[in-house]
Amino acid sequence: MSVAVRWILAVTASVLVFFLVAAPWAFLVPGGDDPWDVIAPVAGVAAAGTLAGFGWWATQGGSGTVHQSAETTGTGNINQVGGSQGGVGGPPPASVRQKAKGGGNITQVGGNRS
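Residues numbered from 1 in each chain as written. Predicted model: local features only at pLDDT ≥ 70, side-chain atom pairs only at ≥ 80, totals over all residues. Heavy atoms only, no water.

Topic: the overall build of the chain
Selection criterion: What counts as a helix is a DSSP run of H or I of at least four residues, what counts as a strand is a run of E of at least two, and both are numbered from the N terminus. For the exposure calls, accessible area comes from a 1.4 Å probe over protein chains only, and a residue counts as buried if that area is under 20% of its type's maximum, exposed if over 50%, partly exposed in between. Contacts were defined at the residue level, with two residues in contact if any of their heavy atoms lie within 4.5 Å. Areas reported as accessible are Shrake-Rupley estimates using a 1.4 Å probe. Residue values count occlusion only from the protein chains shown.
Helices and strands together make up the secondary structure of the chain, namely two helices and four strands. Counting helices and strands in the order they occur from the N terminus, the chain gives α-α-β-β-β-β. For the chain, with 114 residues in total, the buried portion stands at 18%. Long-range contacts, defined here as pairs at least 24 residues apart, represent 63% of the contacts in the chain between residues at least 6 apart. A total accessible area of about 7,500 Å² is found for the chain, and carbon and sulfur atoms account for 62% of it.

Description of the side chain of R6
Worth spelling out the cut-off: Polar contact is defined as a pair of N or O atoms within 3.5 Å, subject to the rule that within protein one atom must be able to donate a hydrogen and the other to accept it, and that residues adjacent in sequence are counted only when both atoms are side-chain atoms.
Mapped onto the elements, R6 comes out in helix α1 (residues 3–28). Within the local environment of R6, its side chain forms a polar contact with the backbone oxygen of W57, the two atoms lying 3.1 Å apart. The contact partners of R6, leaving out residues within four places of it in the chain, are M1, W57, A58 and Q60.

Some details on the packing of aromatic side chains
Selection rule: The aromatic pairing rule takes the rings of Phe, Tyr and Trp, using the six-membered ring of Trp, and pairs them if the centres are within 6.5 Å, calling planes under 30 degrees apart stacked, those over 60 edge-to-face and the rest tilted. Only when the NZ of Lys or the CZ of Arg is both within 6 Å of the ring centre and within 35 degrees of the ring normal is a charge said to sit over the ring.
Within this structure, the stated rule accounts for two aromatic pairs. With centroids separated by 5.3 Å and ring planes inclined at 90°, the aromatic side chains of F18 and F19 adopt a geometry described as edge-to-face. Just above the ring of W57 sits the side chain of R6; from NZ or CZ to the centre is 5.0 Å.

Put into structure tokens, the structure is as follows:
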């Protein structure tokens, strides 16, 4: 899922939380004793907290992250290398998942190596 889609979901969730807090409060309070001067800030704080949480989620694993998966089965020597080798400006973040099973020597290297 792209970062833009995650941000759209984060903002949508924030707006939804605002209305989930504000609307029942405004309609169900008998006599309308609680003015919007009270309801809106409380609902806004709930929405801001939601946006902060989902905003953090939206920024995780965005573009520039290298996702790699390697799996092998066999006998004898097995070598797996994953992740980035570094370079100008440093290596991008890497998410490496490796699995190996078999007899003999198994060597696995993963992650960022600069």
